[in-house]
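As a plain string of letters, each chain reads:
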Amino acid sequence: MKRNLKELEYTHRQVSRRALFVGGLQAAFVGGLAMRMRYMQVDQADEFRLLAEENRINIRLIAPARGELFDRNGKILGQNTPSYRIIIVREDAGDVEKVISDLSKLIYLDPEDLERARAEMRRAPAFLPITLADQVTWEEISKVAVNAPSLPGITPEVGLARHYPQMSDFAHVIGYVGPVSDYDLSQMEDPEPVLRIPRFQIGKVGLEAKREDLLRGRAGAKRVEVNAGGRVMRELSRREGDAGADLQLSVDGDLQQYVQARLEGESASAVVIDCESGDLRAIVSAPSFDPNLFVRGISVADYKRLTDDPYRPLANKSVQGTYPPGSTFKMVTALAALEAGVVGPGDTSYCPGFHKVGNRRFHCWKRGGHGTVDLLLSLKRSCDVYYYDVAVKTGIDNISAMANKLGLGVKHDLPMSAVRSGLTPTQAWKERVHGEGWLVGDTANSSIGQGFMLASPLQLAVMSARIATGRAVTPRLVKSIDGVEQPSGAGEPLDINERNLRYIRNAMYAVSNDRRGTAYRSRIIEDAYRMAGKTGTSQVRNITKAERAAGVIRNRDLPWERRDHALFVCYAPFDKPKYAVAVVVEHGGGGSKAAAPVARDVMLQALYNGNPPLEAYPSKDREGIKEQQERLDRLRDGIAPSDGSDRA
């Protein structure tokens, strides 16, 4: 019995120790849990509260207002206008196709827009809004609002859309915007989040694209409360973004409009540059197009109409088009020869109508020749033989170096699409590109702006301004950014002998003002605004020996696309240059007939800041000029349609 009591006593002690051990473990666990709960609920309360907020609060970007564009006088060129649109939320609509069908009975829905919207709906979550119709009228918005009860999921909204009130006048300069595409995103290393906002627009071409960094602005943000499914329940706060910078261009809107109208019916380009500041006062490519067509996405029919046009309205001929400069290049060859000391202004050459280089004959445009000519006569009458002769003595490398100094063969830094550098060939260039040595005949061809030589209308205008001023005038397109004036393009003095420049200027004056000058018929009569210029004609086809023997076919007897290009460059006033102008008329024939009259009219319009008095023109031209001014005024006022009906 005693033994049993001892065993029971021992067992009790064992159970008590186990219970204490287990109880201690439980107490420790509860204490640790309590400490952890205190840590989470008290010490880390702010952090976990933030995490909880992030689970139910989303940050949404707000698209910034795009910077606006103005001409030098404050005329609006690119603006943001209220845009009404109709959106649909798929999860609220129920039967989407039925709702769309009902909506189409009230307002017009573009089939292409509908297909685009359906594609977006297939990709996007059901609660996200999708645009069905953009830029709808207030009347259409009213119809939708009145019928809202029978259009579940349909909501009218208002936003901002880009609009170009000057339409085709500035299309090649400022370009246009369009929705961000997958291709756009693929071209960016680290796309900004704002670019993924549905239907967000960026610059596609022209100034809109080149200065996207300034025009886009910075996105704002709003905090919205969402439910578990991600639907927005309410907006909690909002921070507006920073609008893009406003840009003022150097271009004069009225002059730009006049030049566009003056080139109506032609495939052509004209550039007006301010000799004092380098400001581009007009930079026109014709025909043009309405950039508003591209903002929402151009239709297939409209795009085909533009691409099928042989006059290439989408191409920016003023900076993208490069042409053999023809005889407008002769000033470059002459200056290179004068600077190299291989010829003086009084030295002469004899022109029998051709010049022999090796076994090859290089012909003058005048079949019978010009006889004995010096520098002034060679430019005034545009004798080719004189330049064949002096170019061979000067050498192509010296000629190309002078061309570069005058702005040819140089890619000018302008915020425009597809700015070309043209071509001023050298011996090393031909060896590198063609794997062939330079020939003396190549130099002869280049001396009159043919062969490999290429220049854009912009470059020809810069060349004229530099000859006129003796300074390295640089073209400027953006005059100010948010009111801050941008650096002038007046330029420093060129390293060219001023006496040699005077010889060239006097010869250019004779071209326009001497009775035997090639541009005499397009002269300016007003003494204060006398013009100096140079005609040019560049071939686009080869003339065979047989054709030359039988007589070269006249341009007017050839199909349009085989006619020569017509060119003219000038500056005025002669004594104190204010503007320089370059005009290129594609397949226009002779420069004196097709390009010089346009350049003269444009120059006078710039000098008088509007229609000049008829007294500025030769008396025999005044009646025709009066009719032309009246017609162009009607065209600029929108009375006459711009349908290309005047094309040759």
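For the structure, check the block above.
Small disclaimer: the values here were computed from a predicted structure and weren't measured.

## A word on the overall build of the protein
Consideration 1: Within the protein one finds 24 helices and 21 strands.
Consideration 2: Among the 648 residues that make up the protein, the fraction classed as buried is 49%.
Consideration 3: For the protein, the exposed area adds up to about 31,600 Å²; of that, 51% sits on carbon and sulfur atoms.

## Side note on the packing of helix α16 (residues 384-394) against helix α19 (residues 440-447)
Consideration 1: Two elements in contact, α16 and α19, have axes separated by 8 Å at closest approach and are oriented at 130°. It follows from the interaxial angle that α16 and α19 lie oblique. Crossing hand, α16 versus α19: right-handed. Facing Tyr387, Tyr388, Ala391 and Val392 of α16, the residues of α19 in contact are Val440, Thr443, Ala444 and Ser447.
Consideration 2: Looking at side-chain class alone, the contact of α16 with α19 contains six nonpolar, two polar and no charged residues.

## Observations regarding a nonpolar patch on the surface
Consideration 1: Together, Phe29, Val30, Leu33 and Met37 make up a nonpolar patch on the protein surface, roughly 410 Å² of accessible area in all.
Consideration 2: Note on methionine 37: relative accessible area 40%, which makes it partly exposed.

## Quick notes on the sheet that holds strand β19 (residues 532-538)
Consideration 1: Sheet architecture is open: five strands sit in the order β12-β11-β21-β20-β19, paired in antiparallel fashion. At either margin of the open sheet sits one strand with a lone partner, and together these are β12 (280-286) and β19. Taken over all neighbouring pairs, the strand axes of this sheet differ in orientation by 10° on average, direction set aside.
Consideration 2: Relative to strand β20 (residues 565-572), β19 runs antiparallel, the two sharing seven bridges. Paired with glycine 533 across the bridge in β20 is cysteine 570.
Consideration 3: Taken strand by strand, helix α20 (residues 457-469) contacts β11 (268-274), β12, β20 and β21 (579-585), and its axis lies near 150° from that of β21.

## Some words on unusual backbone geometry
Consideration 1: With an omega dihedral of -5°, the bond running from alanine 286 to proline 287 counts as a cis peptide bond.
Consideration 2: Residue position: proline 287 is located in the loop between β12 and α12 (292-295).
Consideration 3: Look at the link from alanine 572 to proline 573: it is a cis peptide, with omega at -10°.
Consideration 4: Relative to the helices and strands, proline 573 resides in the loop between β20 and β21.
Consideration 5: Of note in this structure, arginine 312 is not a glycine but carries a positive phi near 55°.
Consideration 6: Relative to the helices and strands, arginine 312 resides in the loop between α13 (300-308) and α14 (330-340).
Consideration 7: Of note, the phi angle at serine 382 is positive, near 60°, even though the residue is not glycine.
Consideration 8: Checked against the element boundaries, serine 382 lands in the loop between α15 (375-380) and α16.

## Considerations on the packing of aromatic side chains
Consideration 1: Counting across every chain of the model gives 11 aromatic pairs.
Consideration 2: A ring pair is formed by phenylalanine 289 and phenylalanine 294, whose centres lie 5.6 Å apart and whose planes are at 70°; its orientation type is edge-to-face. Each member of the pair phenylalanine 289 and phenylalanine 294 is classed as buried.
Consideration 3: Three or more aromatic residues link up through ring pairs in this structure, and these residues are Tyr176, Phe289 and Phe294.
Consideration 4: A cation over a ring is seen here: arginine 361 above phenylalanine 354, with NZ or CZ 3.8 Å from the ring centre.
Consideration 5: Here the basic side chain of arginine 523 rests over the ring of tyrosine 520, its NZ or CZ set 3.9 Å away from the ring centre.

## A closer look at the nonpolar core
Consideration 1: Formed by 88 residues in total, the largest nonpolar core has its most connected members in Ile174, Leu406, Leu460, Met463 and Ile504.
Consideration 2: Broken down by element, this core gets its largest block of residues, eight residues, from α20.
Consideration 3: If sequence neighbours within four positions are ignored, isoleucine 174 has contacts with Leu69, Leu77, Tyr164, Val205, Gly206, Leu207, Glu208 and Leu249.
Consideration 4: Membership of the second largest hydrophobic core comes to 37 residues, among which are Met531, Val581, Ala606 and Tyr617.

## A word on the state of the cysteines
Consideration 1: For the structure on display, the rule yields zero disulfides.
Consideration 2: Note on cysteine 351: no disulfide assigned, nearest cysteine sulfur contributed by cysteine 383 at a separation of 3.6 Å.

## Digging into the pairing of strand β14 (residues 354-357)
Consideration 1: With burial as the criterion, only one face of β14 is covered, namely that bearing His355 and Val357; the residues Phe354 and Lys356 on the opposite face remain uncovered.
Consideration 2: Taken together, the four bridges between β14 and strand β15 (residues 360-363) define a ladder with antiparallel strand orientation. Bridge pairing in β15 places phenylalanine 354 opposite histidine 363.
Consideration 3: The hairpin formed by β14 and β15 contains two residues between the paired strands, and glycine 358 there has a positive phi angle of roughly 65°.

Basis of the calculations
- Residues numbered from 1 in each chain as written.
- Predicted model: local features only at pLDDT ≥ 70, side-chain atom pairs only at ≥ 80, totals over all residues.
- Heavy atoms only, no water.
- Helix = DSSP H or I, 4+ residues; strand = E, 2+ residues; numbered from the N terminus.
- Buried < 20%, exposed > 50% of the residue type's maximum accessible area, 1.4 Å probe, protein only.
- Areas by Shrake-Rupley, 256 points an atom, 1.4 Å probe, with all protein chains shown as cover.
- Axes fitted to C-alpha atoms, helices over the stretch in contact; angles between N-to-C directions.
- Parallel < 35°, antiparallel > 145°, perpendicular 65-115°, else oblique.
- Left-handed = near helix turned anticlockwise from the far one by under 90°.
- Contact = heavy atoms within 4.5 Å.
- Nonpolar A, V, L, I, M, F, W, Y, C, P; charged D, E, K, R; others polar.
- Patch = residues over 30% accessible without salt bridge, like charges linked within 9 Å, V, L, I, M, F, W, Y side chains within 5 Å.
- Salt bridge = Lys/Arg side-chain N within 4 Å of Asp/Glu carboxyl O.
- Pairing = 2+ DSSP bridges.
- Phe/Tyr/Trp six-rings, centres within 6.5 Å; stacked < 30°, edge-to-face > 60°.
- Lys NZ or Arg CZ within 6 Å of the ring centre and 35° of its normal.
- Core = buried A, V, L, I, M, F, W, Y, C linked by side-chain atoms within 4.5 Å.
- Disulfide = S-S within 2.5 Å.

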